[in-house]
Amino acid sequence: MPGITASRAEHIRNQEDGPIMTKLSLPFPHAAEPLPTFTRRQLLRAGVGTSASIGLATLLAACSPGGGAKTSHGSSGTAATGSGPITLWEFYSQEQPLLANGQWWRDLTASWNKSHKAKVVDHYVTNADYSSGTALATAFASGTGPDVFLVSSGDFLKYYNGGVLADLSSHLTKAQIADYAPGILDTRTVNGKIYGMPMEVAPLAFFYSKKALDEAHLSESDLPRTWDQLLEIGAKLTKPSRFGLLFDTSVGAYQNFTWYPFMWMAGGDVAGPGGKHSTFDSPEVVSALQLWQDTIAKGIAPRKAQGTNGSDLASNLLSGYCAIQQCGAWALGQGTKEQIAATPYGMFTLPSPKAGAHSITDLGGWCLAVNAKSKHLDDAIDFAIWATADLSAAGVERARSWAAAASDISTRLSVRKAASEKGDMPAGLTWFQNVAAPGGKAEPRFPPQVVTAVSTAIQNAQLKGVPAKTAAQTASQQIDAFLSSYSGGSIAGSQPLSV
Amino acid sequence: MIPASTADRDGRRIGTAVSSAHRRRRTRRTRYQPREVFAAWLLLGPDAIGLLLFLIAPMLLAVAFAFFNISGFGQYSFAGLSNFRRIAADPLFWNSAMISAVYAVAFVVLEFVIGLGLALLTKDAFRGLTIVRTVLFTPYVVSLVVIGVLWKFLLTEKIGFAAALLRPFGLQNVSWLGDPRYALGTLVFISIWVYSGYYMVIFVAGLLDIPDEYYEAAELDGATRWQRLRYITWPSLRPTSFFVLLTSIIAAVAGPQAFDLVFVATQGGPANSTETLVTYIYQQAFQFNDFGYASAISVVLLIALLVVTGILFTLTRGGRFDDDD
């Protein structure tokens, strides 16, 4: 306890039945009055009362559903028992503010529960905790993982290798599989079996501030098409209170996701065919690392993004912290009307190394997976497929409303057609679908050890100033060392997707 | 019973000291009434159960887990010493160990000096003393997560408060948390800002424990301010200094400041430059689901802390320094 040292606590104990007194010398002179004294009987009574209160509270917590674990909807976040509901974990439906993508999950569970006997309980986990926290890991480690949950491409192999992804193939009809755009299901398929239902395609592009462009007397025709031009325009847009360009700087899978397109456009890749050996020490990979290092070395990009990270458009581009920001289609839903009015923005595709080369983007996105150890396995699979792959008119509308709420491109052909016919697709999303996404590649799936090796190389080159070649070679050795004894699910490198 | 004539291996007689200590222990031994014993169990019981359930049991489990490969998805296999062999060859572990060591040394030395300095300045009553102490102590009661977020804002490149403050010196473009050259030093600075008030309070308590008569006698003997500090304050503060050293070393290596603050402010970056051992353990356990390896690192950390505290205890005779204290 601050302010009271043990050496200054002198216990004066009455040998008989007199009061137990504690004389405490406090560091503050004004607080040096003796403390109130208590008889032993009073202390005993207080002790019994306290113990009873603690015991009662513990008992009540243990008896309550979920052992007192609070969820956004007031229900348990732990896996259901055989007779309990199906648990669904997601990171969208926060209370304040409840955004359209959060409302979609609430509507989803309400709609399912209305028409099905097996009930679903939606459990909200904060995005940070879901993506890089302990929530999922501890739940699975303790055998209380959710029945249905979201998995990113970056984490797919972690869960697959852990044996907790249920095979959904046998529950899907041929028509349902055919409704997915070519290549989409491949990233969630191992040995011909499908282990996750992709919910969206999220292409990356550059967002730019129109105001910043005007201030620098630049027009849209000046927007960069090559890496050299990117550095040049970035420098022109940099001023004492603003950076010209922003790449993500936070360590982890998201930064890797945003860097891969530059590696691909240069002609490099992380691993060779089949993922058996590293190809990371190639000159192409080095050139992509060099580009990111140059943006920091030239002072045109910050070493630290604002807000969550580089995926946060509102805290960076819209706040005026940078003039150009690499971000995904989901950013179209970010920022208040006032912010967007104050900082109108546009988009352009990721520049390629040389003029005339094609732009390649990374097509990320989350999928809905089912816990193979679920006590409601069949019901949970039915729910996951109903939520994402239902071919009925209601199912198509459900998937369309998700794409609209999440500001992403749908993974299903029928849904894209429905969105097009409805004609309410935001102009920005249409641009992403028609301009940014074509020619893009699916976000590769790697085991965490490979993700970390790549991530360390990017961080070392970008922020530590380690020569790009050295960073690539070090990572390549680590990847090779890991792959030599790797025996998990197949590594899927860069695969073109039809969008 | 040790005979009074017992001598140690160097031939020094130790019997007198041992027997006098033994006598003191014997005189302290007292018979307690059953009701007092019951009261003690009742009052200490909840704490003891809490410690057993939430500290000792997990600690023992972690030691056991260190000898297994654990996927985090219910798959276990005995690994023997392989996790420990892996540690020896893991460059990221050694990088984290070095960062933890540098952080701990810098933090412990600086907060000791600053905490003691602040205590000496705020020991005696003066107008506004309570306000000064409150201001200095306030950061300690704020959540480290809040502090991490707050400093991230303050230290933003170009537009943060620190950038505005340092603009006249041309330092507005320095990324204090984003540049590997400065990130660890910045975390040390923030930690000292948080904890110096707390250690000030501990030192003030120690200073107030020193009888005024010592200083009065020294003044009469013509001792200077420095001599009073050197020959009265410093030796009398040894038990307090021991407490501060011990707790601050443990806190710096494995306490909340080594994880919460780092995780919020830098997440171990940039480029692993602030990756402490505890954030590395977290990464292995919760990002790689490699609970066995994470447990093995925890065991190594535990042993390292036991060795350091053991050395401290040995050198200071359990914080008593000598029998005269």
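Please read these numbers as outputs of a predicted model, since none were measured by experiment.

1. Some points on the overall build of chain B
Here is step 1: Broken down by element type, chain B carries 14 helices and two strands.
Here is step 2: A buried classification covers 42% of the 325 residues belonging to chain B.
Here is step 3: In chain B, the share of contacts with a sequence separation of at least 24, taken over all contacts with a separation of at least 6, comes to 65%.
Here is step 4: Carbon and sulfur atoms make up 68% of the accessible area of chain B, which amounts to about 18000 Å² in all.

2. A few points about helix α14 (residues 413–422) of chain A
Residue and element names in this part refer to chain A.
Here is step 1: Within α14, the full set of buried residues consists of Val415, Arg416, Ala418 and Ala419. For α14, the buried positions fall inside an angular range of 160 degrees around the axis, keeping them on one side. Turned more than 90 degrees away from the buried face of α14 sit Lys417, Ser420 and Glu421, all of them exposed.
Here is step 2: Contacts from the buried residues of α14 go to α13 (393–406) and α15 (427–436).

3. Side note on the environment of Leu136(A)
Residues and elements named next belong to chain A.
Here is step 1: Within the secondary structure layout, Leu136 lies in helix α4 (residues 135–141).
Here is step 2: Distance from Leu136 to Lys119, taken between C-alpha atoms, is 21 Å for residues 17 residues apart in sequence.
Here is step 3: In this structure Leu136 touches Trp89, Tyr130, Pro146 and Tyr159, once residues within four positions along its chain are discounted.

4. Observations regarding unusual backbone geometry
Residue and element names in this part refer to chain B.
Here is step 1: In this chain, Gly269 is followed by Pro270 through a cis amide linkage whose omega measures -5 degrees.
Here is step 2: Examined against the element boundaries, Pro270 turns out to sit in the loop between α12 (256–265) and α13 (277–287).
Here is step 3: In the Ramachandran plot, Ala271 falls in the positive-phi region, its phi being about 55 degrees despite a non-glycine side chain.
Here is step 4: Among the secondary structure elements, Ala271 is positioned in the loop between α12 and α13.
Here is step 5: When its relative accessible area of 4% is taken as the criterion, Ala271 is described as buried.
Here is step 6: Backbone geometry places Asn289, a non-glycine residue, at a positive phi of 55 degrees.

5. Comments concerning the sheet that holds strand β4 (residues 120–124) of chain A
Residues and elements named next belong to chain A.
Here is step 1: Judged by pairing direction, the sheet is mixed, and its five strands sit side by side in the order β4-β3-β5-β14-β8 without closing on themselves. Looking at the sheet topology across the chains shown, the edges are occupied by β4 and β8 (197–198).
Here is step 2: One ladder, built from two bridges, connects strand β3 (residues 86–90) with strand β5 (residues 148–152); its direction is parallel. Bridge pairing in β5 places Leu88 opposite Val148.
Here is step 3: Sitting on the sheet, helix α2 (residues 100–115) is in contact with β3, β4, β5 and β14 (366–370), with an inclination near 165 degrees to β4.
Here is step 4: Lying on the sheet, helix α12 (residues 377–389) is in contact with β3, β4, β5, β8 and β14; it crosses β14 at an angle near 155 degrees.

6. Description of the state of the cysteines
Here is step 1: As enumerated under the stated definition, the model contains zero disulfides over all chains in all.
Here is step 2: Note on Cys327(A): no disulfide assigned, nearest cysteine sulfur contributed by Cys322(A) at a separation of 9.4 Å.

7. Topic: α15(A)
Here is step 1: Among all positions of α15(A), only Gly428(A), Leu429(A), Trp431(A), Phe432(A), Gln433(A) and Ala436(A) are buried.
Here is step 2: Those residues of α15(A) that are buried lie in contact with β9 (202–209), β11 (322–328), β12 (345–348), α13 and α14 of chain A.

8. Observations concerning the confidence of the model for chain A
Residues and elements named next belong to chain A.
Here is step 1: Taken residue by residue, chain A gives an average pLDDT of 84. The fraction at 70 or more is 82%.
Here is step 2: Across chain A, element-level confidence peaks in helix α10 (residues 283–297) with a mean pLDDT of 98 and bottoms out in strand β2 (residues 21–24) with 33.
Here is step 3: Ignoring residues within four places in sequence, the model shows residues 46–81, a span with pLDDT below 50, making 43 contacts including any to other chains.

9. Notes on the pattern of salt bridges
Here is step 1: Under the counting rule described, the total for this entry stands at ten salt bridges over all chains.
Here is step 2: The partner of Arg303(A) in a salt bridge is Asp179(B), with the nearest N and O atoms 3.7 Å apart. With Arg303(A) in the loop between α10 and β11 and Asp179(B) in the loop between α7 (161–166) and α8 (183–208), the pair connects residues from two separate chains.
Here is step 3: A salt bridge links Arg86(B) to Asp290(B); the nearest nitrogen and oxygen atoms lie 2.9 Å apart.

10. Things to note about the nonpolar core
Here is step 1: Counting 134 residues, the largest nonpolar core has Trp105(A), Phe207(A), Trp259(A), Phe262(A), Phe280(A) and Phe432(A) as the members making the most contacts within it.
Here is step 2: The residues touching Phe432(A), leaving out its near neighbours within four places in the chain, are Pro203(A), Leu204(A), Ala205(A), Phe207(A), Gly328(A), Ala329(A), Leu332(A), Met347(A), Ile409(A), Ala437(A) and Pro438(A).
Here is step 3: Ranked by size, the runner-up nonpolar core spans 66 residues in total, among them Met200(B), Val201(B), Val262(B) and Ala296(B).

11. A look at the pairing of β3(A)
All names here are of chain A.
Here is step 1: Here β3 lies mainly inside the structure; five of its five residues are buried.
Here is step 2: Burial of the side chains of β3 extends over both faces: Ile86, Leu88 and Glu90 are buried on one face and Thr87 and Trp89 on the other.
Here is step 3: Where β3 and β4 come together, five bridges link them in parallel fashion. Looking across to β4, one finds that Glu90 is bridged to Tyr124.

12. Looking at the interface of chain B and chain A
Accessible area lost upon the coming together of the parts is a frequently used measure of interface size.
Here is step 1: Counting from both sides, the interface comprises 50 residues of chain B and, opposite them, 57 residues of chain A.
Here is step 2: Inspection of the region where chain B meets chain A yields one salt bridge.
Here is step 3: The tally of links from chain B across to chain A stands at ten residue pairs in polar contact (both at pLDDT 80 or more).
Here is step 4: If you list the elements that add at least two residues to the side of chain B that touches chain A, you get α2 (34–65), α5 (129–141), α8, α12 and α13 of chain B.
Here is step 5: For the side of chain B that touches chain A, the element with the highest residue contribution is α2(B), accounting for seven residues.

13. Quick notes on the packing of α10(A) against helix α16 (residues 448–463) of chain A
All names here are of chain A.
Here is step 1: One way to put it is that α10 packs onto α16 with a least axis distance of 7 Å and a crossing angle of 40 degrees. The angle between α10 and α16 places the two elements in the oblique class. In this structure, α10 meets α16 at a crossing whose hand is right-handed. Contact residues: Leu289, Trp292, Gln293 and Ile296 in α10; Ala457, Ile458, Ala461, Gln462 and Leu463 in α16.
Here is step 2: Residue composition of the contact of α10 with α16, grouped by class: seven nonpolar, two polar and no charged.

14. Considering a negative patch on the surface
Residue and element names in this part refer to chain B.
Here is step 1: On the surface, Asp212, Glu213, Glu216 and Glu219 cluster together into a negatively charged patch.
Here is step 2: Relative to the helices and strands, Glu216 is located in helix α9 (residues 212–220).
Here is step 3: Judged by its relative accessible area of 49%, Glu216 is partly exposed.

15. A look at the side chain of Asp312(A)
Here is step 1: As for its position among the elements, Asp312(A) is in the loop between α10 and β11.
Here is step 2: Despite its burial, Asp312(A) remains without a salt bridge, the nearest opposite charge being carried by Lys152(B) at 9.3 Å.
Here is step 3: Here Thr308(A) takes part through its backbone nitrogen, which lies 3.2 Å from a polar atom of the side chain of Asp312(A).
Here is step 4: The contact partners of Asp312(A), leaving out residues within four places of it in the chain, are Gln306(A), Gly307(A), Gln325(A) and Gln334(A).

Analysis parameters
Residues numbered from 1 in each chain as written. Chains lettered and ligands numbered in written order. Predicted model: local features only at pLDDT ≥ 70, side-chain atom pairs only at ≥ 80, totals over all residues. Heavy atoms only, no water. Helix = DSSP H or I, 4+ residues; strand = E, 2+ residues; numbered from the N terminus. Buried < 20%, exposed > 50% of the residue type's maximum accessible area, 1.4 Å probe, protein only. Contact = heavy atoms within 4.5 Å. Areas by Shrake-Rupley, 256 points an atom, 1.4 Å probe, with all protein chains shown as cover. Arc of directions from axis to C-beta. Pairing = 2+ DSSP bridges. Axes fitted to C-alpha atoms, helices over the stretch in contact; angles between N-to-C directions. Disulfide = S-S within 2.5 Å. pLDDT = per-residue confidence, 0-100. Salt bridge = Lys/Arg side-chain N within 4 Å of Asp/Glu carboxyl O. Core = buried A, V, L, I, M, F, W, Y, C linked by side-chain atoms within 4.5 Å. Polar contact = N/O pair within 3.5 Å; in protein donor to acceptor, adjacent residues only side chain to side chain. Parallel < 35°, antiparallel > 145°, perpendicular 65-115°, else oblique. Left-handed = near helix turned anticlockwise from the far one by under 90°. Nonpolar A, V, L, I, M, F, W, Y, C, P; charged D, E, K, R; others polar. Patch = residues over 30% accessible without salt bridge, like charges linked within 9 Å, V, L, I, M, F, W, Y side chains within 5 Å. Lys, Arg positive; Asp, Glu negative; His and termini not counted. Charge placed at Lys NZ, Arg CZ, Asp CG, Glu CD.

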